[in-house]
Amino acid sequence: MQASSNSDGKAILPEAGDIAIGIEAGPFLRYFGNFFNDTQDNLDPSLLFKNGQTLYGKYFLSNTMAIRASLGVSGSKNVDRRYVRNDLAFFNDPLSREQVVDRRSIVSSDYLIGLGVELRRGYNRLQGFYGAELQLGWEKTTYHYSYGNPFSDVFPSPSTYDFSGNILSPTDRVLDYKYGSTFSTGVNAFIGVEYFILPKLSIGGECGLGIAYQTKGVEKYNYEHWNGTTTEEMLQLVSPGDRDFNAFVVNPKGGIFVMFHF
């Protein structure tokens, strides 16, 4: 593949030493489609990295070979707070309207690293590519609970908000639920095509087939138990962990993207 040039002598195709960054083409296609259809849904295009929240790039070793790399990092913490009756205030005054807060927080982390090799061939602005890449991933989710009303002799079954699954019995409620950390490793074979609409600027799509092996750690939860005299913290094992092997289609919708080369 020779690096073609336009009428101004500028190289159209990527060359050895070039770096490329990919973003999703969907927002741009919707924007211009709405524009030409004269609709009112002309949302501004957003710069979403290729494959959602994954940073995706290439480094060209030659005009026909590139190293691909991807990095995905995401995390979230969602807090849900709910009022329940203040048991102590109600005990002292049955007409009391005082409340306390029960709280649930969901903490999630997700990491993805990919590295692969891409080979290219084509004619002028239309280029095809293919290759393979290795991906490593890790994810974890934990639920944390806190309660406004403690266990006591007076209230062995205190008022507690039901977040769905946190109340085990009148004398048992979950403090922390830890889903086992999931580690995955996989290999993807891909093929795609891109067209250079401007020098070093292309639009294209790719798809492929991947296989992945996943291991999931121990799933468990801590809970507090009222034994009639005091509160004890207990541990309950749910699952010793799982092992999965999957084959799947990569980017079944074609993975349409825009690539910028520098």
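In this text the structure is predicted, and so the values were computed from the model without any measurement.

Quick word on unusual backbone geometry
Right, on to step 1. Positive phi values are uncommon outside glycine, yet N124 reaches one of about 55 degrees.
Right, on to step 2. Counting through the fold element by element, N124 comes out in the loop between strand 4 (99-123) and strand 5 (126-146).
Right, on to step 3. Given the relative accessible area of 38%, N124 is considered partly exposed.
Right, on to step 4. Located in the positive-phi region is S164, a residue other than glycine, with phi close to 85 degrees.
Right, on to step 5. Position of S164 relative to the elements: it lies in the loop between strand 5 and strand 6 (167-169).
Right, on to step 6. The exposure class assigned to S164 is exposed, which follows from its relative accessible area of 62%.

Notes on the pattern of salt bridges
Right, on to step 1. In the structure shown here, the tally under the stated rule is 13 salt bridges.
Right, on to step 2. Residue E219 pairs with K216 through a salt bridge whose shortest N-O separation is 3.7 Å.
Right, on to step 3. The exposure class assigned to E219 is buried, which follows from its relative accessible area of 11%.
Right, on to step 4. Salt bridges linked by common partners bring K58, R68, E118, R120, E133, E194 and E206 together as one network.

Observations regarding the environment of I256
Right, on to step 1. Summarising the element assignment, I256 is placed in the loop between strand 12 (242-250) and strand 13 (257-261).
Right, on to step 2. Sequence spacing of I256 and V193 is 63 residues, and the spatial spacing of their C-alpha atoms is 9.8 Å.

Notes on the packing of aromatic side chains
Right, on to step 1. For the structure shown, the criterion picks out twelve aromatic pairs.
Right, on to step 2. Judged by centre distance (6.4 Å) and plane angle (50 degrees), the rings of F129 and F190 are tilted. Of this pair, F129 sits in strand 5 while F190 sits in strand 8 (residues 182-198), and the two are 61 residues apart along the sequence.
Right, on to step 3. Owing to a relative accessible area of 6%, F190 belongs among the buried residues under this scheme.
Right, on to step 4. Centroid distance Y145 to Y147: 6.5 Å. Interplanar angle 0 degrees. Geometry classified as stacked. Each member of the pair, Y145 together with Y147, is buried.
Right, on to step 5. Taken together through their ring pairs, the aromatic side chains of Y143, Y177, Y179, Y221 and Y223 make up a single cluster.
Right, on to step 6. Here K58 stacks its cationic end above the ring of F129, 4.8 Å away from the centre of that ring.
Right, on to step 7. Here the basic side chain of R173 rests over the ring of F151, its NZ or CZ set 4.6 Å away from the ring centre.

Rules behind the numbers
- Residues numbered from 1 in each chain as written.
- Predicted model: local features only at pLDDT ≥ 70, side-chain atom pairs only at ≥ 80, totals over all residues.
- Heavy atoms only, no water.
- Helix = DSSP H or I, 4+ residues; strand = E, 2+ residues; numbered from the N terminus.
- Buried < 20%, exposed > 50% of the residue type's maximum accessible area, 1.4 Å probe, protein only.
- Salt bridge = Lys/Arg side-chain N within 4 Å of Asp/Glu carboxyl O.
- Phe/Tyr/Trp six-rings, centres within 6.5 Å; stacked < 30°, edge-to-face > 60°.
- Lys NZ or Arg CZ within 6 Å of the ring centre and 35° of its normal.

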